[in-house]
Amino acid sequence: MKNFVLIMAFLLFCLNMQVMGLPSYSNENDTIKTITLEPVTVTAQQREQQLLDVPVAVTVIGSKLLENTQTTSLEQLAGFVPGLNVTVQTPHRPSLSIRGLTSDEVSPSAQPRVSVYYNNVPTSRASMALAELYDMERIEALKGPQGTLFGRGAQIGAIHFISQKPLADFGGYVAARFGNYARKEFEGALNIPTLDNKLLFRAAGLYSYQDGYITNLSGGNLNGKNTFGGRFSAAYLPTKNFNVNLTVNYQKDDNPGTAFMSKRYPNSKGETDIFKYEASLDEGKEWFNKRDVFGTSLNMKYYFDNDNYLTSITSFYNNTVDHRWDGDGSIAPAIDMAEYDDARQFTQEFRYNFSINERFEGFAGLDFWREKVNQKYWFAPNEQYMAYLIFQQPQYMINPDGSIGYPIPAIPDDPQMGPLAGMPLPTDHQEESIDGATNLAGDAFFDFTWKITPSLSLTAGLRATYENFTTSREAYMLGNTPSMLGNLLGSAPNFFFAPTDYKEISEGFTSVTYRANLKYAINTTSSLYAGYARGRRPNVLQFNSAGQSEVMNAENVHSFDIGYKLFQQQRFQIDVDVFYQLYNNFQSSKWDGVNYLIADAGKSTSYGAELTAKAALTDYLEMFGNYAYIHARFDDKDSEGNPQEYAGNTFRLTPENSFSIGLHAKANLSDKFQALFTPSYSWKSHIWFEDANDKQPADPALARLEQDAYGLLNANLAIKYLPADVALSLFAHNLLGEKYLIGAGNTGMMFGVPTYVPGAPRIFGAGLKYSF
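Below you will find a few notes about this structure.

Brief notes about helix H6 (residues 383-390)
At step 1: For H6, a buried count of seven out of eight residues is recorded, marking the element as mostly surrounded by other parts of the structure.
At step 2: Taken together, the buried positions of H6 are Glu383, Gln384, Tyr385, Met386, Ala387, Tyr388 and Leu389.
At step 3: Looking at the packing, one finds that the buried side of H6 touches strand E23 (360-379).
At step 4: Structurally, the start of H6 carries an N-cap: the backbone nitrogen of Gln384 is 3.0 Å from a side-chain oxygen of Asn382.
At step 5: Of the residues one or two after H6, Gln392 is the one with positive phi, at around 55°.

Brief notes about the side chain of Asn649
At step 1: Looking at where Asn649 falls in the secondary structure, it is placed in the loop between strand E35 (621-634) and strand E36 (657-668).
At step 2: On the basis of relative accessible area, Asn649 is assigned to the buried category, the value being 8%.

Topic: the pattern of salt bridges
Should their charged atoms come close, side chains of opposite charge can pair.
At step 1: Taken as a whole and assessed by the stated rule, the structure comprises 35 salt bridges.
At step 2: Put simply, Glu371 and Arg125 hold a salt bridge, and the shortest N to O gap is 2.7 Å. In this pair, Glu371 is assigned in strand E23 and Arg125 in the loop between strand E8 (121-122) and helix H4 (126-129), connecting sequence segments 246 residues apart. Take Glu371 and Arg125: they sit in the same class, and that class is buried.
At step 3: Several salt bridges converge on common partners, so that one network encompasses Arg99, Lys143, Asp561, Asp577 and Glu610.

Side note on unusual backbone geometry
At step 1: Of the consecutive residues Ala492 and Pro493, the connecting peptide bond is found in the cis state with omega at 5°.
At step 2: By secondary structure assignment, the location of Pro493 is in the loop between helix H7 (486-489) and strand E26 (500-523).
At step 3: One non-glycine residue, Gln46, adopts positive backbone phi at about 65°.
At step 4: Mapped onto the elements, Gln46 comes out in the loop between strand E1 (41-42) and strand E2 (49-50).

Quick notes on the sheet that holds strand E10 (residues 157-163)
At step 1: The strand order E3-E9-E10-E7-E8 describes an open sheet built from five strands, whose pairing is mixed. Both edges of this open sheet fall to strand E3 (57-62) and E8, since each of them pairs with a single strand only.
At step 2: Note that E3 and strand E9 (residues 136-143) share six bridges and pair antiparallel. When the bridges of E9 are listed, Gly62 appears paired with Arg138.

A short note on a nonpolar patch on the surface
At step 1: On the surface, Leu669, Phe673, Phe677, Leu717, Ile719, Leu728, Leu730 and Leu768 cluster together to form a nonpolar patch covering roughly 700 Å² of accessible area.
At step 2: Only strand E37 (673-684), strand E40 (710-721) and strand E41 (726-733) provide two or more residues apiece to the nonpolar patch.
At step 3: Secondary-structure assignment places Leu730 in strand E41.

Regarding the packing of aromatic side chains
At step 1: One pass over the full model with this rule turns up 38 aromatic pairs.
At step 2: Seen in terms of ring centroids, Phe659 and Tyr681 are 6.1 Å apart; in terms of plane orientation they differ by 50°. Their pairing is tilted. With Phe659 in strand E36 and Tyr681 in strand E37, this residue pair connects regions lying 22 residues apart in the sequence.
At step 3: Here Phe659 falls in the buried class, since its relative accessible area comes to 4%.
At step 4: A network of ring pairs unites the aromatic residues Phe379, Phe495, Phe496, Phe497 and Phe751 as a single cluster.

Here we look at the pairing of strand E25 (residues 456-478)
At step 1: Pairing of strand E24 (residues 430-451) with E25, which is carried by 22 bridges, proceeds in the antiparallel orientation. Bridged to Gly436 within E25 is Ser472.
At step 2: The turn linking E24 back onto E25 is made up of four residues.
At step 3: Here 19 bridges tie E25 to E26, and the two strands are oriented antiparallel to one another. When the sheet's bridge partners are listed, Asn468 is paired in E26 with Gly508.

A few points about the nonpolar core
Nonpolar side chains in soluble globular proteins generally cluster together in the buried interior.
At step 1: Within the largest apolar cluster, 53 residues are counted, with the highest numbers of intra-cluster contacts made by Leu389 and Phe751.
At step 2: Of all elements in the fold, only E23, H6, E40, strand E42 (741-745) and strand E43 (755-758) reach the threshold of two or more residues within this core.
At step 3: The element contributing the most residues to this core is H6, with five residues.
At step 4: Those residues in contact with Leu389 that lie beyond four places of it in its chain are Tyr265, Ala334, Ile335, Pro394, Met397, Phe751 and Val753.

Here's the deal with the environment of Gly179
At step 1: Summarising the element assignment, Gly179 is placed in strand E11 (residues 171-179).
At step 2: According to the relative accessible area criterion, Gly179 is partly exposed, its value standing at 25%.
At step 3: The spacing of Gly179 and Tyr352 is 173 residues in sequence and 48 Å in space, taken between C-alpha atoms.
At step 4: Not counting chain neighbours up to four residues away, the residues in contact with Gly179 comprise Phe764 and Gly765.

What counts, and at which threshold
Residues numbered from 1 in each chain as written. Predicted model: local features only at pLDDT ≥ 70, side-chain atom pairs only at ≥ 80, totals over all residues. Heavy atoms only, no water. Buried < 20%, exposed > 50% of the residue type's maximum accessible area, 1.4 Å probe, protein only. Helix = DSSP H or I, 4+ residues; strand = E, 2+ residues; numbered from the N terminus. Contact = heavy atoms within 4.5 Å. Polar contact = N/O pair within 3.5 Å; in protein donor to acceptor, adjacent residues only side chain to side chain. Salt bridge = Lys/Arg side-chain N within 4 Å of Asp/Glu carboxyl O. Pairing = 2+ DSSP bridges. Patch = residues over 30% accessible without salt bridge, like charges linked within 9 Å, V, L, I, M, F, W, Y side chains within 5 Å. Areas by Shrake-Rupley, 256 points an atom, 1.4 Å probe, with all protein chains shown as cover. Phe/Tyr/Trp six-rings, centres within 6.5 Å; stacked < 30°, edge-to-face > 60°. Core = buried A, V, L, I, M, F, W, Y, C linked by side-chain atoms within 4.5 Å.

And the structure:
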């Protein structure tokens, strides 16, 4: 924390000099220059506004920052957004956390807490949410409940990805990057206007490959990347008051598997240090993370005038996932699992934007959303090794030198085992569980801003929703080999999923979410705001380990915000927000037998503060930084005064303190060459990976599911040839080689053998970009 205080003090000192109006000089004949930050325009309130005029906590990441910092992933992006934490173990299960609240989609009917939008279209289901950051215009991140702006899924915030739109000029770019771990990445975009700029086209694409940074000593590598992405956009402007925009997106991930590694079991070299980046997973098996996302959206606008217009947005998304992993993290074939998902989503929104005498403006509309989801889980244990875990003798499954232990051929010949004593254990049992859901919702929404006086305005909105969820479950044995251990667990002839005939539950719900904010413009460069918003995560339909249906209560949050924004002399920008949030029926996740289910954790409270600052110190130097403090805890007692199981625990994946600081420096090497240098450093305090905060594991051989404080230093150095707009860059991520975890617990946790996923080590490389 000492380093953090010193860094933040230095940043605020530099910023304070700018507020005081100290002159800045360039190195061109020592003359005073006009120094400005780039203006920030946002569409967070469904209309174009300056960031200063939006009375909510919003962070905007523009294309220049993405390029200057070589940010290509959502995990890197999160470092620039205070209060946002992102971890990605697999591309279809990213954990997105805003102000301590994390999206956990256990049941196919479970809805996200963080809304993800892509060009005004919801893509919030976790398996669709992750997107490559190429040819982007900007990303907007909103904190706090945003139901009236970004739909039902924005219980605690929203992330909106906005790609570059077709332009009226011919142009584009091509880029290539190469680096360690055999990294190779190719990216490009082409913009073509036709028909006297009435029909515009833009095509963009990306191919990104990198060997896994974890070597599987049993063969291959893990935690790598093999991704292709393509986007086609067209804009048709037949008249001055009508336009049509079509966007087609496709992304295909064909990645190697995730390294779920054990700290208990050594690899085949006898090592238990996972930060040597060598795993020993089952021999002769292929581990993989495959995902396809295909989406189309049609956006049509008819303008009655500049401020009054009708918008129609139609979208269809299709997403498949195929994922196989080693659940025990060792060379023993105990836990072998796979998942296959198929999700289809259709949305239709009609929205009318209005403005009356420039004092009363806003929008009203209707939308419809429907998705059909299937989740198929496959489990194939070798029960001759799974027996070590069931009989609580995990220490004997792998020898100290990393070699595999002897199999247990039969259930112990012990009278306590009754008729099962001495029964042979199978090696080839297989079983499957299929969970399905058809989810639909209809909304009516209204949001407005009323300028009460030239300085004081009221912004308020409401969204009324009807939802209907239908969830199904069936489970069965595959093949002809029944589980023997399942007789001990009560799930025979299966082991993991109790055989269940097709079951279905269906429920409908109505709800209202709303917000109200007051904004006071102190002057033309600063404003204060205060607001209240109610957020909601819908009821969850699920089946427990006994196959019985459950309907969990909706989770509600009452959120209070006070904020201050300053844009001083177009050289200094600061956003400060203080929040306080109360939760009821908090939807946590926990193990129930061999099922990972939503559980009602009762009441909880979070409060904190967020700061974002930017400053143009000189014509050749900009600084940027942010800080977040989040105190998120489960209350001691529930709404009925009963003690809570998680009393006093910290929300999972929630650092209490985090900050990021960086600078962007330019230097003219000659009249044709310019150097650009952008280092940044992001730091997070301690986090827990589970709400249970298991501070003292029952087995002393188990490591706690936590990550101590750590920081990542990234840097990008570019040399730009100005006449041809060509840039050669050298980049590095995690330059200091920090060792940290991105996941802990996972499937092995239910059998007493938690696994851990190391974060990426030092990544470096070089790139070349040509713009035309």
